[in-house]
Amino acid sequence: MEGCATSKEATTHSPAREAPTTAATAVWLSAGGFDMGSPEGEPGRDTDEGPRTHVALARFQMDVTPVTVRAFEERAEQVRAKDPQAHWWTEAETPQGWLGHCNLGSERQEHPMNCVDWRAARAYCELTGGALPTEAEWEYAARATASTAYWWGETFDVTRVVSSVACTSRGCLGSTAPVVSSGVRCNSWGLCDMTGNVWQWTATTYQEHLGETTPAEPPDVPEKPVHRGGSWLNQVPSLFRSAHRGLAYPRNGLTGVGFRCVLRR
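The shown structure was predicted, so the numbers you read here are calculated from the model rather than taken from an experiment.

Cut-offs and rules
- Residue positions are given per chain, counting from 1 as you read along its sequence in written order.
- With pLDDT at 70 or above as the cut-off, local features in this predicted model cover only qualifying residues; side-chain atom pairs require 80 or more to be listed or tallied, and sums for whole chains, interfaces and linings still use all residues.
- Side-chain descriptors were evaluated using all non-hydrogen atoms of the structure, hydrogens and water having been removed beforehand.
- Here a helix means four or more residues in a row that DSSP labels H or I, a strand means two or more in a row labelled E, and each is numbered from the N terminus.
- When accessible area is computed with a 1.4 Å probe and restricted to protein chains, residues below 20% of their type maximum are described as buried, those above 50% as exposed, and intermediate ones as partly exposed.
- Working rule for contacts: check all heavy atoms of both residues, and any pair within 4.5 Å makes them a contact.
- For the area figures, the Shrake-Rupley method with a 1.4 Å probe applies, and any residue is considered shielded solely by the protein chains shown.
- Think of it this way: DSSP has to see at least two bridges between two strands before they count as a pair.
- Definition of nonpolar core: a set of buried residues of the types Ala, Val, Leu, Ile, Met, Phe, Trp, Tyr and Cys, connected through side-chain atoms within 4.5 Å.
- Each residue carries a pLDDT value, the predictor's own confidence for that position, ranging from 0 to 100.
- In this description, a line fitted to the C-alpha atoms serves as the axis of each element, helices being fitted only across the stretch in contact, and the angle between N-to-C directions of two axes falls anywhere from 0 to 180 degrees.
- Note that the term roughly parallel is reserved for angles under 35 degrees, roughly antiparallel for angles over 145, roughly perpendicular for angles of 65 to 115, and oblique for everything else.
- Two cysteine sulfur atoms form a disulfide, by the criterion used here, when they sit within 2.5 Å.
- Polar contact criterion, stated in full: a pair of N or O atoms within 3.5 Å, where within protein one must be able to donate a hydrogen and the other to accept it, and residues adjacent in sequence count only if both atoms are side-chain atoms.

Draft legend 1. Looking closely at the overall build of the protein. Along the protein, the regular secondary structure elements total three helices and ten strands. Across the protein, helices and strands are ordered from the amino to the carboxyl terminus as β-β-β-β-β-α-α-α-β-β-β-β-β. By residue count, 54% of the 265 residues in the protein fall in the buried class. Relative to all contacts within the protein whose residues are 6 or more apart in sequence, the contacts with residues 24 or more apart total 72%. Accessible surface, the protein as shown: approximately 11600 Å² in total, 51% of it carbon and sulfur.

What follows is the structure in structure tokens.
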């Protein structure tokens, strides 16, 4: 995966962490459990965020940032060969009606890769030896032990996310932003842009309630894969809560959708 070359260890015992002295590209997350979803009284809660369900997870590694344009571009030909049905768009190919622009083929090399469909995201992660995170892995990593509505606390903080909240209309920010590896957009486990900048694909098929039995043999390509985290397009603060679950709608396009990878050993 993008971050395999340099990694660090996060523990679930202490939420306070110092910025790394070297630029780690992935973080190992200790095995642990958490309550997935949101409590009934949480402001902005959607019904599909419950019932709150306790989930136990094995140790896994997650990329510090969403996969960047530069990293995806280096493997684009391999992604195409691995899955000929995978699809993504360059800046010049940005479909009419999509807000903003696709980043591939632009000078925005350190921005997150966007305009990428689920198949392309999966193929990229598999090529690096990893996989897309499950929805539970994503929320566990985003929360970093926090049980609050947002990973930083109970109220929205515009400085923590790349979003259109401050300018108050969908897509008014104009574009994604370069990824970061430290600072206020990173949680206590050193994972950055878990919320904001781009939504992130997960490997999980959407179901209307948490804890529902999943198919014994999940489909090769989920009909409705869940994505998490909110994006630069979104102006509604509640979409950046750790428990919020997103679905991609064709009319909205994919300029606000990207991904990051995990490694399980």
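Draft legend 2. Molecular detail of the pairing of strand E5 (residues 60-63). Where burial is concerned, the two faces of E5 agree: the one with Phe60 and Met62 and the one with Gln61 and Asp63 are both buried. Note that strand E2 (residues 26-29) and E5 share four bridges and pair antiparallel. Bridge pairing in E5 links Trp28 to Gln61. In this structure, E5 lies alongside strand E10 (residues 262-264), joined through three bridges in antiparallel fashion. Paired with Gln61 across the two strands is Leu263, which belongs to E10.

Draft legend 3. Geometry of the nonpolar core. Judged by nonpolar contacts, the single largest core of 28 residues is most densely connected at Phe72, Val79, Trp88, Val116, Tyr124, Trp201 and Phe259. Of all the secondary structure elements, the ones that give two or more residues to this core are helix H1 (69-82), helix H2 (118-127) and strand E6 (199-205). Core analysis: the next-biggest nonpolar cluster, separate from the first, contains 22 residues, Val27, Met62, Trp138 and Ala141 among them.

Draft legend 4. Expanded view of the confidence of the model for the protein. Averaged over all residues, the pLDDT of the protein is 91; the fraction at 70 or higher stands at 89%. Note on residues 12-22: pLDDT under 50 across the span, and 18 contacts to partners over four residues away in sequence or across chains.

Draft legend 5. Highlighting the packing of H1 against H2. At a minimum axis distance of 9 Å, the contact between H1 and H2 shows a crossing angle of 100°. Taken as axis vectors, H1 and H2 run roughly perpendicular relative to one another. Residues Ala71, Phe72, Arg75, Gln78, Val79 and Lys82 of H1 form the contact with H2, whose participating residues are Ala120, Ala123, Tyr124, Glu126 and Leu127.

Draft legend 6. Structural view of the state of the cysteines. Under the defined criterion, the tally for this structure stands at four disulfides. With a sulfur-sulfur separation of 2.1 Å, Cys102 is cross-linked through a disulfide to Cys115. One quick way to see it: the torsion about the S-S bond of Cys102 and Cys115 is about -90°, and its sign makes the bridge left-handed. Here Cys115 lies in the loop between H1 and H2 and Cys102 lies in the loop between H1 and H2, a separation of 13 residues in the sequence. Covalently, Cys125 is tied to Cys261 through a disulfide, its sulfur atoms 2.1 Å apart. Looking along the S-S bond of the Cys125-Cys261 disulfide, the torsion reads about -85°, which is the left-handed sense. Taken as a pair, Cys125 in helix H2 and Cys261 in the loop between strand E9 (257-258) and E10 lie far apart in primary sequence, 136 residues in all. Here Cys125 matches Cys261 in class, with each residue buried. When the bonded cysteines of the protein are counted from the start of the sequence, the pairing works out to 1-2, 3-8, 4-5, 6-7.

Draft legend 7. Layout of the sheet that holds strand E7 (residues 225-228). The strand order E8-E7-E6-E9 describes an open sheet built from four strands, whose pairing is mixed. The open sheet has two free edges, formed respectively by strand E8 (246-247) and E9, since each of these has just one partner strand. Pairing analysis gives two bridges linking E6 to E9, with the strands arranged parallel. By the bridge assignment for E9, Trp199 is matched with Val257.

Draft legend 8. Looking closely at the side chain of Glu137. Tracing the backbone through its elements, the reader meets Glu137 in helix H3 (residues 135-143). On the accessibility criterion, Glu137 (6% relative accessible area) is buried. Within the local environment of Glu137, its side chain forms a polar contact with the backbone nitrogen of Thr134, the two atoms lying 2.9 Å apart. If sequence neighbours within four positions are ignored, Glu137 has contacts with Leu57, Phe60, Met62, Val262 and Arg264.

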